[in-house]
Amino acid sequence: MNRRHLLLSSAALSSLALSAHAANPTAPVVNKPEVLKGAENTARAQPPLPYAQSALAPVIGSTTVGLHYGKHHKKYFEELAKLLPAATLETDSLESIVRAATPGPIANNAGQAWNHNFYWRSIAPKSGGKPPQAVRVALEESFGSVDAFNKEFTKTASEHFGSGWAWLCKNQQNGKLVVVGTHDAASPLTMASLKPLLVVDVWEHAYYKDYSNEREKYVTAVVDKLLNWRFVEANLAT
Ligand code: MN
């Protein structure tokens, strides 16, 4: 297929999608690609940790990861299995369950299951440092500099009141990157036009064994040494 044919085909497809939507305004226009894929986007089972339990040490110790992944995160999947019909667990993506849930136990447990799947991918052993060029340019356009982003993200995460999450998101309406804090199990997946790119867990269970009440030390160490910029780059590109 040559390039001209490809362009004509996509124009034809768009016009078909638009006319289908005009005929039935409640039909979804186009499904956005889901942020996490495969085992990380299913409700039926907790995905494997993407690295060894001890691999984040000394920034996040093996005991913390063992409890966090092996007890807290696991429990959200166990609760979901009690709350949802087996068919839903088999067929619906975790993201679609989060997006569709009304406030209550399903939203809480599905939200926490997905948020933690996203967290384990947002950090990685021997990471942090300078972001790849595409990420650096996007951060500079939205925050002025990478340092200014680091500062705003660290402040939002450190000062967040109570349990929750600090996110870097893309506002899909204007293309800008924004730092967002959410409480408890809340997720940007349910907020209009925000696509999550990165998250840090600021529930006490994420850092208390390693840092006691000094959340800012945990956040600063994670930003310096564990942020998975390659994951952010991949999320920006899709
Ligand atoms: Mn957690």
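Predicted, not measured: the structure shown is a model, and the values here were computed from it.

Moving on, we come to the overall build of the chain. The helix and strand tally for the chain stands at 10 helices and three strands. Seen in sequence order, the chain has helices and strands lined up from the N terminus as α-α-α-α-α-α-α-β-β-β-α-α-α. A buried classification covers 31% of the 238 residues belonging to the chain. Contacts spanning at least 24 positions in sequence make up 67% of the contacts within the chain whose residues lie at least 6 apart.

Our next topic: helix H7 (residues 146-159). Relative to the 20 Å expected for 14 residues at 1.5 Å per residue, H7 spans 20 Å between its end C-alpha atoms, a close match to the ideal helical length. By the burial criterion, the buried members of H7 are Phe149, Phe153, Thr156 and Ala157. Across the axial projection of H7, the buried residues extend over an arc of 95 degrees, all falling on one side. As for H7, its buried residues are in contact with helix H6 (133-143), strand S1 (164-171), strand S2 (177-183), strand S3 (194-201) and helix H9 (215-225).

The residue after Ala57, namely Pro58, is reached through a cis peptide bond having omega 5 degrees. By the element assignment, Pro58 lies in the loop between helix H1 (3-23) and helix H2 (62-83). For Asp184, which is not a glycine, the phi torsion comes out positive at approximately 55 degrees. Tracing the chain through its elements places Asp184 in the loop between S2 and S3.

The next thing to look at is helix H5 (residues 105-122). Between its first and last C-alpha atoms H5 spans 25 Å; for 18 residues at 1.5 Å apiece the expected length is 26 Å, and the two agree. For H5, a buried count of 14 out of 18 residues is recorded, marking the element as mostly surrounded by other parts of the structure.

Another point: the pairing of S1. Successive side chains on a regular strand alternate, one facing one side of the sheet and the next facing the other. Taken across its eight residues, S1 has six buried, putting it largely inside the fold. As judged from the seven bridges shared by S1 and S2, these two strands associate in the antiparallel manner. Looking across to S2, one finds that Leu168 is bridged to Val179. Between S1 and S2, which follow one another and run antiparallel, lie five residues, and Gly175 among them has a positive phi close to 80 degrees. The pairing of S1 with S3 spans seven bridges and is classified as antiparallel. Paired with Ala166 across the strands is Val200, a residue of S3.

With antiparallel pairing, three strands are arranged side by side in an open sheet as S2-S1-S3. Because the sheet does not close on itself, it has two edges, and the strands there are S2 and S3. Strand-to-strand twist across the sheet, computed as the mean angle between neighbouring axes with direction ignored, equals 30 degrees.

Before going further, it helps to examine the nonpolar core. Counting 49 residues, the largest nonpolar core has Ala110, Ala113, Ala166 and Leu168 as its most contacted members. Once residues within four sequence positions are removed from consideration, Leu168 is found in contact with Phe153, Leu177, Val179, Leu197, Leu198 and Val232.

Scored by pLDDT, the chain has a mean of 89; 87% of the residues are at 70 or more. For residues 1-31, every residue scores under 50 in pLDDT, and the model assigns this stretch six contacts once sequence neighbours within four places are set aside.

Another aspect to go through is the packing of H6 against H7. Remark: H6 packs on H7, axes separated minimally by 8 Å, with the N-to-C direction vectors making an angle of 70 degrees. With respect to each other, H6 and H7 are oriented roughly perpendicular. On H7, the residues touching Arg136, Leu139, Glu140 and Phe143 of H6 are Val146, Ala148, Phe149 and Glu152. Split into classes, the residues belonging to the contact of H6 with H7 amount to five nonpolar, no polar and three charged.

A few words now on the packing of H7 against H9. Running from amino to carboxyl end, H7 crosses H9 at an angle of 145 degrees, the nearest separation of the two axes being 9 Å. The element H7 and its partner H9 pack so that their crossing is right-handed. Counted together, Asn150, Phe153, Thr154, Ala157 and Ser158 of H7 and Arg215, Glu216, Val219, Thr220 and Val223 of H9 form the full contact between these two elements. Classifying every residue of the contact of H7 with H9 by side-chain character gives four nonpolar, four polar and two charged.

Rules behind the numbers
- Residues numbered from 1 in each chain as written.
- Predicted model: local features only at pLDDT ≥ 70, side-chain atom pairs only at ≥ 80, totals over all residues.
- Helix = DSSP H or I, 4+ residues; strand = E, 2+ residues; numbered from the N terminus.
- Buried ≥ 20, exposed ≤ 12 C-beta atoms within 10 Å, placed from the backbone.
- Contact = placed C-beta atoms within 7 Å.
- Expected span 1.5 Å × (residues − 1).
- Arc of directions from axis to C-beta.
- Pairing = 2+ DSSP bridges.
- Axes fitted to C-alpha atoms, helices over the stretch in contact; angles between N-to-C directions.
- Core = buried A, V, L, I, M, F, W, Y, C linked by C-beta atoms within 7 Å.
- pLDDT = per-residue confidence, 0-100.
- Parallel < 35°, antiparallel > 145°, perpendicular 65-115°, else oblique.
- Nonpolar A, V, L, I, M, F, W, Y, C, P; charged D, E, K, R; others polar.
- Left-handed = near helix turned anticlockwise from the far one by under 90°.

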